[in-house]
Amino acid sequence: MTDQYAQTREDNRSAGTPAVRWEEPPEGPVLVFLDQTRLPAEEVELVCTDASALVEAIRSLAVRGAPLLGIAGAYGVALAAARGFDVDEAARSLVGARPTAVNLSVGVRRAQSAYQAALARTGDVRQAASAALAAARQMHQEDARASARMAGHGLALLDELQPGGGHRILTHCNTGALMSGGEGTAFAVALAAHRAGRLRRLWVDETRPLFQGARLTAYEAARTGMPYTLLTDNAAGSLFAAGEVDAVLIGADRIAADGSVANKVGSYPLAVLARYHHVPFIVVAPVTTVDPDTPNGAAIEIEQRPGYEVTEVVAPQVPVTGAGGGVPVAPLGTQAYNPAFDVTPPELVTAIVTEEGTVSPVTAGALADLCARSRQAVAE
């Protein structure tokens, strides 16, 4: 049975507070998330007591972002195990919650494998549940370390492309601590540049239709004191034409074996603009986002979101009249095309930055070598 509830934080959330945490109150273990659909107006924590509640949180985008989805998926399996639910059923439902983000299935499978191995070895469901939780916690810690390493590699690349700093970076969607076990992916690079005194401006795409840039990236930039400016997605072209962008930095939800990158819809047009204007287009993502089983961009399943996310807007203190809980901005019955992601081909990607290093130019062979090095490092 689904069980989730919200609790408002009275204190201000510090930048070091993780986006997800495991707690064990007397009534049983829970997962606690910052509800990202409520930001920036209010900081409300979402408490999930079973995998079904987590699936709902993922689908509603209360919990989002590729690395965080992987961590959440692993914790979701551990939660099902700890509370005595069917682990395999929970794993199936979690994997299906958002099909494009490969990190979600990676996290789920990792915790599920740990559970199954411990159960086969000991026959004790409690020990198996502990093994699943240990796998989730390890993944959480690994992502935090990966975030720091990506920031270092990304800043080094920026300084190589533009010595002397003064970087003007355009970013899309949200790639900060809200979607990571650490400080994020692309946002972490910009934050490293800011801390080093080498960030001149962070240009923040609002990111339609759910405004992850306006609501979340601007929220994080403001809290960290970064110089930032918000723009509508369709204003990016004029920004390029004015020569105000030195590099585009985005994250990724899945990277195919050939280097095709699926990211929040609107990323592909930025890549086209960047190529025309001779601006580096850089993808920052952990190695777990590279999916060797997906051969190319055409094989990536693109999630289709409800049309009301385009035909309605949600605003506090405004009477709700739309089917999706918002205010209609289009005539009743209007059909909307609302893919959550688009795919950028590898020839438009200047570099892919991971915790294991940078791939440039982006080729299938270079990505395969990177993944092999990563597997070897884990084995050692």
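Note that the structure is a prediction, hence the values are computed from the model and not measured. (Residues numbered from 1 in each chain as written. Predicted model: local features only at pLDDT ≥ 70, side-chain atom pairs only at ≥ 80, totals over all residues. Heavy atoms only, no water.)

**Q** Residues and numbers for the pattern of salt bridges, please.
**A** Counted according to the given criterion, the structure contains 17 salt bridges. A salt bridge links Asp-291 to Arg-254; the shortest N-O distance between them is 2.5 Å. Placement of Asp-291 in strand β12 (residues 290–291) and of Arg-254 in strand β9 (residues 254–256) is noted, with a sequence separation of 37 residues between them. Judged by relative accessible area, which is 10%, Asp-291 ranks as buried. (Salt bridge = Lys/Arg side-chain N within 4 Å of Asp/Glu carboxyl O. Helix = DSSP H or I, 4+ residues; strand = E, 2+ residues; numbered from the N terminus. Buried < 20%, exposed > 50% of the residue type's maximum accessible area, 1.4 Å probe, protein only.)

**Q** Would you mind going over the sheet that holds β9 in detail, with residue names and values included?
**A** Ordered by their spatial adjacency, four strands build an open sheet running β12-β9-β10-β15, and the pairing between neighbours is mixed. Of all the strands in the sheet, the pair left with one neighbour each is β12 and β15 (341–344). Across two bridges, the pairing between β9 and strand β10 (residues 261–264) is antiparallel. In the strand pairing of β10, Ile-255 is matched with Val-261. (Pairing = 2+ DSSP bridges.)

**Q** Lay out the side chain of Ser-260 in plain terms, naming residues and giving numbers.
**A** In this fold, Ser-260 is placed in the loop between β9 and β10. Here Gly-297 takes part through its backbone nitrogen, which lies 3.3 Å from a polar atom of the side chain of Ser-260. The contact partners of Ser-260, leaving out residues within four places of it in the chain, are Arg-254, Ile-255, Asn-296, Gly-297, Ile-300, Val-343, Thr-344, Pro-345 and Pro-346. (Polar contact = N/O pair within 3.5 Å; in protein donor to acceptor, adjacent residues only side chain to side chain. Contact = heavy atoms within 4.5 Å.)

**Q** Could you give an account of the packing of helix α4 (residues 102–122) against helix α5 (residues 125–161), naming the residues involved and the relevant values?
**A** Across the interface, α4 lies against α5 with an axial gap of 8 Å and an inter-helix angle of 145°. α4 and α5 meet at a crossing whose hand is right-handed. Across from Val-106, Gly-107, Arg-110, Ala-111, Ala-114, Tyr-115, Ala-118, Leu-119 and Thr-122 in α4, the residues of α5 making contact are Val-125, Gln-127, Ala-128, Ala-129, Ala-131, Ala-132, Ala-135, Gln-138, Met-139 and Glu-142. Tallied by class, the residues present in the contact of α4 with α5 amount to 13 nonpolar, four polar and two charged. (Axes fitted to C-alpha atoms, helices over the stretch in contact; angles between N-to-C directions. Left-handed = near helix turned anticlockwise from the far one by under 90°. Nonpolar A, V, L, I, M, F, W, Y, C, P; charged D, E, K, R; others polar.)

**Q** Just give me the short version of the packing of helix α2 (residues 66–82) against α4, but keep the residues and values in it.
**A** Taken N-terminus to C-terminus, the directions of α2 and α4 make an angle of 30°; their axes are 7 Å apart at the nearest point. One element, α2, and the other, α4, form an angle in the roughly parallel class. Classified by chirality, the crossing of α4 by α2 is right-handed. Residue-level inspection shows Ala-66, Pro-67, Leu-69, Gly-70, Gly-73, Ala-74, Val-77 and Ala-81 of α2 in contact with α4, the latter providing Asn-103, Leu-104, Gly-107, Val-108, Ala-111, Gln-112 and Tyr-115. Of the residues contributing to the contact of α2 with α4, the split by class is 10 nonpolar, five polar and no charged. (Parallel < 35°, antiparallel > 145°, perpendicular 65-115°, else oblique.)

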